[in-house]
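Structure at a glance
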Amino acid sequence: MPSTSWAMHAGHGGCSKSLNHGINKTLLDAVESAGKSLFSLPVQQKLKAARSPDGVSGYGVARISSFFPKLMWSEGFTIFGSPLEQARLLWPQDYKKFCDVIEEYEKVMKQLSSKLMWLMLGSLGIDQEDIKWAGPNGNFKGANAAIQLNSYPACPDPDRAMGLAAHTDSTLLTILYQNNTSGLQVLREGIGWVTVPPVPGALVVNLGDLIHMLSNGLYQSVLHRVVVNRTRHRFSVAYLYGPPANVQISPLPKLVGPACPPLYRAITWAEYLGTKAKHFNKALSSVRLCAPINGLVDVNDHSSVEVGWR
Ligand SMILES: O=C(O)CCC(=O)C(=O)O
Ligand SMILES: [Fe+2]
């Protein structure tokens, strides 16, 4: 399992590799192959499971596309809740294999997310008493999550395209599996865009805006993007982990005091997604109560960061 030093590391920059995560390599391979079989279907078939304009689940362009004038060089498939309905549209006779793999992946990712949450929160002195919605066993049973499959085809002119434009995730944390083609980059303060190279069997953990709020900025969400490759196809699976629907997320009382006032107002995941849909990369700042102190700066405050592309 990842250790406390992992949690400490995650605090500095919001992105970390989790190597000894206990997830079976066979399962990671199975998810990759399930995703590839989905994206290799004829486009007319994929469109049968198209994400509706106001829906969450299904096939389509990057969810953040509406904020940009140009299309991104990628296609995605979002699964929220059971994959059954969409899978039936894609493979009317043969949907079970896909569903089984996704459901198994969801189960193990949920367990891993709960462990990672306690590693991070534990290193801040937070325990089960402090988070009622973690439930009586502290296993975050009511947590919500979506699975996002991403496909980035090889691109003849990679300098003029973007796989996925710079964004932070509206999650507590995101566990990312990437195939052996690099492309993911994270923004490092004072350094710039840094590639997170794929390591066989490793998962990447990106911290989202909700852990940023919950920790009152002690853990910062990470601005990340995906660049494309001239010759190689890239595939990734993001497990987007968040709180139960009705839970208000706000800075934990133990982490605030006269010297560190709460920086963010209380908000549910659903409300925050609405705010994100409106303000995109300014969403976190839009729920901030007062200016950061002690050098804490929202990732979204880097207003000079260019998130578009030529
Ligand atoms: O493909 C990747 O590596 C990142 C995907 C991502 O950032 C997302 O789905 O939110
Ligand atoms: Fe992301």
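Everything numeric here is computed off the predicted structure, so don't read it as measured data.

1. Here we look at the coordination of the iron ion (ligand 2)
Taken together, His 167 (NE2), Asp 169 (OD) and His 224 (NE2) make up the full set of protein donors to the iron ion (ligand 2), lying 2.1 to 2.2 Å away. In primary-sequence terms, the residues that donate to the iron ion (ligand 2) follow H-x1-D-x54-H. Here His 224 lies in strand β10 (residues 224–226) and Asp 169 lies in the loop between β5 (164–167) and β6 (173–178), a separation of 55 residues in the sequence. Comparing Asp 169 with His 224, the two get one shared label, buried.

2. So, the sheet that holds strand β8 (residues 192–195)
Backbone hydrogen bonds hold the strands of a sheet together, and the pairing may be parallel or antiparallel. One open sheet holds the 4 strands; their spatial order is β5-β10-β7-β8, and the pairing between them is antiparallel. Strands at the two margins of the open sheet, each flanked by one partner only, are β5 and β8. For this sheet, the mean angle separating the axes of adjacent strands, direction not counted, is 25°. Bridge count for strand β7 (residues 184–188) against β10 is 3 bridges, and the pairing is antiparallel.

3. As for the packing of aromatic side chains
Ring pairs (aromatic) are described by centroid distance and by the angle formed between their planes. Here the structure, examined in full by the defined rule, presents 8 aromatic pairs. With a centroid separation of 4.5 Å and an interplanar angle of 15°, the aromatic rings of Phe 67 and Phe 280 are classed as stacked. With a gap of 213 residues between them, Phe 67 in the loop between β2 (58–60) and β3 (75–80) and Phe 280 in the loop between α7 (269–279) and α8 (283–286) connect regions that are remote in the sequence. Looking at Phe 67, the relative accessible area reads 31%, which means it is partly exposed.

4. Quick word on the side chain of Asn 281
Mapped onto the elements of the fold, Asn 281 is located in the loop between α7 and α8. Relative accessible area serves as the criterion here: at 13%, Asn 281 is assigned to the buried category. Looking at Asn 281, its side chain comes within polar contact range of the main-chain oxygen of Ala 166, at 3.1 Å.

5. So, the pattern of salt bridges
Enumeration according to the criterion identifies 9 salt bridges in this entry. With a shortest N-O distance of 2.9 Å, Asp 29 and Lys 25 are connected by a salt bridge. Within this pair, Asp 29 and its partner Lys 25 are both found in helix α2 (residues 25–39), separated by 4 residues, close to a single helical turn. Judged by relative accessible area, Lys 25 falls into the partly exposed class, the value being 46%. The salt bridge partner of Glu 104 is Lys 107, with a shortest N-O separation of 3.6 Å. With Glu 104 and Lys 107 both in helix α5 (residues 96–122) and 3 residues apart, this pair spans about one turn of that helix. Beyond isolated ion pairs, a larger network of salt bridges with shared partners links Asp 127, Asp 130 and Lys 254.

6. A word on the pairing of β6
With 6 of its 6 residues buried, β6 lies for the most part within the structure. Burial of β6 is two-sided: the residues Leu 173, Ile 175 and Tyr 177 facing one way and the residues Thr 174, Leu 176 and Gln 178 facing the other way are all buried. By the bridge criterion, 4 bridges tie β6 to strand β9 (residues 203–207) in an arrangement that is antiparallel. Across the sheet, the residue bridging to Leu 173 is Leu 207, located in β9. When β6 meets strand β11 (residues 234–242), the two strands line up antiparallel, connected through 6 bridges. Within β11, the position partnered with Gln 178 by the bridge is Ser 236.

7. Here we look at the site of ligand 1
Near ligand 1, the surroundings consist of 13 residues, among which Asn 150, Tyr 152, His 224, Arg 234 and Ser 236 are the closest. Contacts to ligand 1 include Tyr 152, whose side-chain N or O atom sits 2.7 Å from an oxygen atom. Here His 167 contributes a side-chain N or O atom positioned 3.2 Å from an oxygen atom of ligand 1. In isolation ligand 1 has 290 Å² of accessible area, and contact with the protein removes 99% of it. According to the grid-proximity analysis, the pocket containing ligand 1 is the largest pocket. Of the residues belonging to the shell around ligand 1, the class tally is 6 nonpolar, 5 polar and 2 charged.

8. Brief notes about the layout of surface pockets
Here the idea is plain: a probe the size of a water molecule rolls over the atoms and shows the empty space left. Of the voids in this model, the largest pocket is the one considered here, and its volume is about 1,100 Å³. A breakdown of the residues in the lining of the largest pocket according to their chemical character gives 21 nonpolar, 19 polar and 7 charged.

9. Let's talk about α7
If you check which residues of α7 are buried, you get Trp 269, Tyr 272, Thr 275 and Lys 276. Angularly, the buried residues of α7 cover 115° about the axis, an arc narrow enough to put them on a single face. Away from the buried face of α7 by more than 90 degrees, exposed residues Ala 270, Ala 277 and Lys 278 are located. Check the buried side of α7 and you find it contacts β4 (144–152), α6 (209–214), β11 and α8.

10. As for the environment of Lys 97
Counting through the fold element by element, Lys 97 comes out in helix α5. For Lys 97, a relative accessible area of 65% corresponds to the exposed category. Each C-alpha atom of the pair Lys 97 and Ala 30 lies 9.8 Å from the other, and the pair is 67 residues apart in sequence.

So, how was this worked out
Residues numbered from 1 in each chain as written. Chains lettered and ligands numbered in written order. Predicted model: local features only at pLDDT ≥ 70, side-chain atom pairs only at ≥ 80, totals over all residues. Heavy atoms only, no water. Donors = N, O, S within 2.8 Å, 3.2 Å for Na, K, Ca; no water. Helix = DSSP H or I, 4+ residues; strand = E, 2+ residues; numbered from the N terminus. Buried < 20%, exposed > 50% of the residue type's maximum accessible area, 1.4 Å probe, protein only. Pairing = 2+ DSSP bridges. Axes fitted to C-alpha atoms, helices over the stretch in contact; angles between N-to-C directions. Phe/Tyr/Trp six-rings, centres within 6.5 Å; stacked < 30°, edge-to-face > 60°. Polar contact = N/O pair within 3.5 Å; in protein donor to acceptor, adjacent residues only side chain to side chain. Salt bridge = Lys/Arg side-chain N within 4 Å of Asp/Glu carboxyl O. Near = heavy atom within 4 Å. Areas by Shrake-Rupley, 256 points an atom, 1.4 Å probe, with all protein chains shown as cover. 1 Å grid on protein atoms, 1.4 Å probe; cavity = no way out; pocket = protein on both sides within 12 Å on 5 of 7 lines; lining within 4 Å. Sits in = over half its atoms within 2 Å of the grid points. Nonpolar A, V, L, I, M, F, W, Y, C, P; charged D, E, K, R; others polar. Points joined across faces, edges and corners; volume = space filled by probe spheres on them. Arc of directions from axis to C-beta. Contact = heavy atoms within 4.5 Å.

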